[in-house]
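As a plain string of letters, each chain reads:
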Amino acid sequence: MTSASLAGPAERPAKPPRSLLVPAGIAAFLLITYWSVSAEFGIGLDLGEIFKDLGRGQIILADVLRPNFDFFERTIPSMLETIQMAIIATAIGCSIALPASFLASRVTSPNALVLRVDRGVLNVIRALPDLLYGMIFVAAVSIGPLAGILALILFNLGVIAKLLSETIDGVDVGPIEAARASGADRVETVRTAVYPQVLPNYVAFSLYVFELNIRASTVLGLVGAGGIGNLLNLQIGFFNYSNVGFIILELFLLVFVIELVSISLRRRLV
Amino acid sequence: MIDFKDASVTYPGGVHALRNLTLQIPEGEMVVIVGLSGAGKSTLIRAINGLVPLTGGEVTVDRRSVTKAKGSELRKIRSRIGMIFQTFNLVKRTTVLNNVLMGRLHATPTWRSLVGRYRAEDVEIAMRALERVGIVEKAYVRAANLSGGQAQRVGIARALAQEPKIILADEPVASLDPPTSHVVMRDLQRINRESGITTIINLHFLDLAKVYGDRIVGMRDGRLVYDGTGAEADENVFRDIYGRSLTADDLLEATAAR
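It should be emphasised that the depicted structure is a prediction, and the values quoted were computed from it without experimental measurement.

(A) Layout of the overall build of chain B. Along its length, chain B carries 10 helices and 10 strands. Looking at chain B residue by residue over its 258 residues, the buried ones come to 54%. Counting contacts in chain B only where the partners sit at least 6 residues apart, residues at least 24 apart contribute 67% of the total. Counting every atom, chain B has about 11100 Å² of accessible surface; 50% of that belongs to carbon and sulfur. Taking the 35 positively charged and 29 negatively charged side chains of chain B as two groups, their mean positions are separated by 8 Å.

(B) View of empty space enclosed by the protein. Inspection of every chain in the model, using the stated rule, returns 3 cavities of 30 Å³ or more. Split into classes, the residues belonging to the lining of the largest cavity amount to 4 nonpolar, no polar and 4 charged. Roughly 40 Å³ of internal volume is contained in the second largest cavity. Surrounding the second largest cavity, Ala178, Ala181 and Ser182 of chain A together with Ile81, Gly82, Met83, Phe85, Arg158 and Gln162 of chain B form its lining. Breaking the lining of the second largest cavity down by element, the ones donating at least two residues are α8 (174-181) of chain A together with β6 (81-84) of chain B. Top element by residues in the lining of the second largest cavity is β6 of chain B. It accounts for 3 residues. When the residues that make up the lining of the second largest cavity are grouped by side-chain class, the tally is 5 nonpolar, 3 polar and 1 charged.

(C) Quick peek at helix α5 (residues 120-132) of chain B. Residues and elements named next belong to chain B. Look at α5: 19 Å from first C-alpha to last across 13 residues, which is about the 18 Å you get at 1.5 Å a residue. Residues Asp122, Ile125, Ala126, Met127, Ala129 and Leu130 constitute the buried set of α5. Buried positions along α5 lie against α3 (96-101) and α6 (148-161). Of the residues one or two after α5, Gly134 is the one with positive phi, at around 70°.

(D) How the structure looks around the layout of surface pockets. Each pocket or cavity is described by its volume, and for the largest pocket that value is around 300 Å³. Looking at the largest pocket, it is lined by 14 residues, and the ones nearest its centre are Arg180, Ala184, Asp185 and Arg186 of chain A together with Arg78 of chain B. The residue inventory of the lining of the largest pocket, partitioned by class, reads 6 nonpolar, 3 polar and 5 charged.

(E) Structural detail: the packing of aromatic side chains. Residues and elements named next belong to chain A. Here the structure, examined in full by the defined rule, presents 3 aromatic pairs over all chains. Taken together, a centroid distance of 5.5 Å and an interplanar angle of 70° make the contact between Phe69 and Phe246 edge-to-face. Linking Phe69 in the loop between α3 (54-64) and α4 (72-103) with Phe246 in helix α11 (residues 241-269), this pair joins segments that are 177 residues apart in sequence. Judged by its relative accessible area of 53%, Phe69 is exposed. On the accessibility criterion, Phe246 (5% relative accessible area) is buried. Taking 6.2 Å as the distance between ring centres and 15° as the angle between the ring planes, the aromatic pair formed by Phe252 and Phe256 counts as stacked. Of the two residues, Phe252 and Phe256 are both situated in helix α11; the distance of 4 residues between them amounts to about one turn of the helix. Cluster of aromatic residues (ring-pair linked, three or more members): Phe69, Phe72 and Phe246.

(F) Spatial organisation of unusual backbone geometry. One non-glycine residue, Phe239 of chain A, adopts positive backbone phi at about 55°. Residue placement: Phe239 of chain A occurs in the loop between α10 (228-237) and α11. Positive phi values are uncommon outside glycine, yet Phe88 of chain B reaches one of about 70°. Within the fold, Phe88 of chain B resides in the loop between β6 and α3.

(G) A look at the sheet that holds strand β1 (residues 2-10) of chain B. All names here are of chain B. The 4 strands lie next to each other as β2-β1-β4-β5, forming an open sheet whose pairing is antiparallel. Of all the strands in the sheet, just β2 (16-25) and β5 (64-65) have a single pairing partner and so form its edges. Pairing of β1 with β2, which is carried by 6 bridges, proceeds in the antiparallel orientation. Across the sheet, Ala7 pairs through a bridge with Leu21, a residue of β2. Sitting on the sheet, helix α1 (residues 41-48) is in contact with β1, β2 and β4 (56-61), with an inclination near 125° to β1.

(H) Seen up close, the interface of chain A and chain B. The interface of chain A with chain B comprises 23 residues on the first partner and 28 residues on the second. With both sides pooled, the region where chain A packs onto chain B buries about 2000 Å², and carbon together with sulfur makes up 57% of that total. Of all residues in chain A, Ala181, Ser182 and Glu188 of chain A bury the most surface against chain B, accounting for 26% of the area lost on that side. Where chain A touches chain B, the interface holds 2 salt bridges.

About the thresholds
Residues numbered from 1 in each chain as written. Chains lettered and ligands numbered in written order. Predicted model: local features only at pLDDT ≥ 70, side-chain atom pairs only at ≥ 80, totals over all residues. Heavy atoms only, no water. Helix = DSSP H or I, 4+ residues; strand = E, 2+ residues; numbered from the N terminus. Buried < 20%, exposed > 50% of the residue type's maximum accessible area, 1.4 Å probe, protein only. Contact = heavy atoms within 4.5 Å. Areas by Shrake-Rupley, 256 points an atom, 1.4 Å probe, with all protein chains shown as cover. Lys, Arg positive; Asp, Glu negative; His and termini not counted. Charge placed at Lys NZ, Arg CZ, Asp CG, Glu CD. 1 Å grid on protein atoms, 1.4 Å probe; cavity = no way out; pocket = protein on both sides within 12 Å on 5 of 7 lines; lining within 4 Å. Points joined across faces, edges and corners; volume = space filled by probe spheres on them. Nonpolar A, V, L, I, M, F, W, Y, C, P; charged D, E, K, R; others polar. Expected span 1.5 Å × (residues − 1). Phe/Tyr/Trp six-rings, centres within 6.5 Å; stacked < 30°, edge-to-face > 60°. Pairing = 2+ DSSP bridges. Axes fitted to C-alpha atoms, helices over the stretch in contact; angles between N-to-C directions. Buried area = accessible area lost by both parts, 1.4 Å probe. Salt bridge = Lys/Arg side-chain N within 4 Å of Asp/Glu carboxyl O.

As structure tokens, this is what we get:
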């Protein structure tokens, strides 16, 4: 029996005044959008332009929608190169990301300095887009798949380390205390008490970046960093839009299949 | 021999968890520590293996100072002290055997633990530890698939695998039902009697404390307020430790009967 039920009903509180935060936020959002769109302050968006040159677009679109299936044989080497680039970049990027993630989590980092330096480096790596890395590495090691692979490795490192270190932040710390209490050193503690907890997530994240790498290699090809993107760029240059259409169709199917496999694998893991 | 000399722990924020505690626990004893939550029981137990550092005084284990020990010296002291937890603290996503092998890490080179290749003799020690708590048939089962009682016995096996001289148990039965609680307490008692391992257990159920504690230490507000045999500890003693009259909530059997 509790005494609260005997004390009689407590007085109900008055309804607190309505906050002005939400209407103020909406007003601010509308104002900023107007500022961006207007011809006076912003980019001067005119949706009419879409229709002005619609005829020119139609010719391209018609060709793209009539993909040239005879082009298949010529795309095989580039497609293989794209897949191989993705495999290599995923393997190397994910291998580096694993220790980097342990150093970037509050739970497993040896001290505040290492934590801050590692997080800082990873933040810088993640701040630049993969296309920019592609351009930098094409300049550094010349055109070809090596530049693309290097760009993808940095991209993978950034993505995995971010996702994995946040997963490590959320692990059950009980086993860590148990390992420390048994006299295990830091590396042994991380290996036996933390690593098994995040392994399924790590594999899932790696599959995910593999998927992203296939997609990214189309864009990387535009700056000469190898893969199917190179061929795509070439065909656009020749105004050969039926071939472009076929490459797009092929990529769509490849990404679709890889995504299906990866989703079903990931579902079984986590 | 565990020796607290004027030991104090003040947490950041000003909470005094341990106030000038002086206490000696000779080898082979089975000691139960009782007190309300917040009385300093967990802090006392964690001061013995250095998981909670003292802010004043000293703790020694077999004349080695836990308070002054750092790095590999502290790990060496810890390797001889097994620990059992209220929430078991098992890695749920790996096998029971891998969990018990955690108790062999102190004797395993780091490279071996990195690649997960334990020595055959360490696996043998882990298997024997599982046999001692009667759960060896679960060796290759994932820890996630265990019941509470089974999980705590794996926790005991992990502590035994260290081949410790001391076992610390922090509320080992607080997450278990009454019959399972008795099974786990009897396991701890048997191990204490058979191997002469000094055993220190935090409990908040008074009836369990009286049954299994050869010696009872009462804590209140970070201070030692009782130190005597379980037989001597009557209702007045417990009233003093708890600072209030006893209720049914303080007894395992009465809690179970409801």
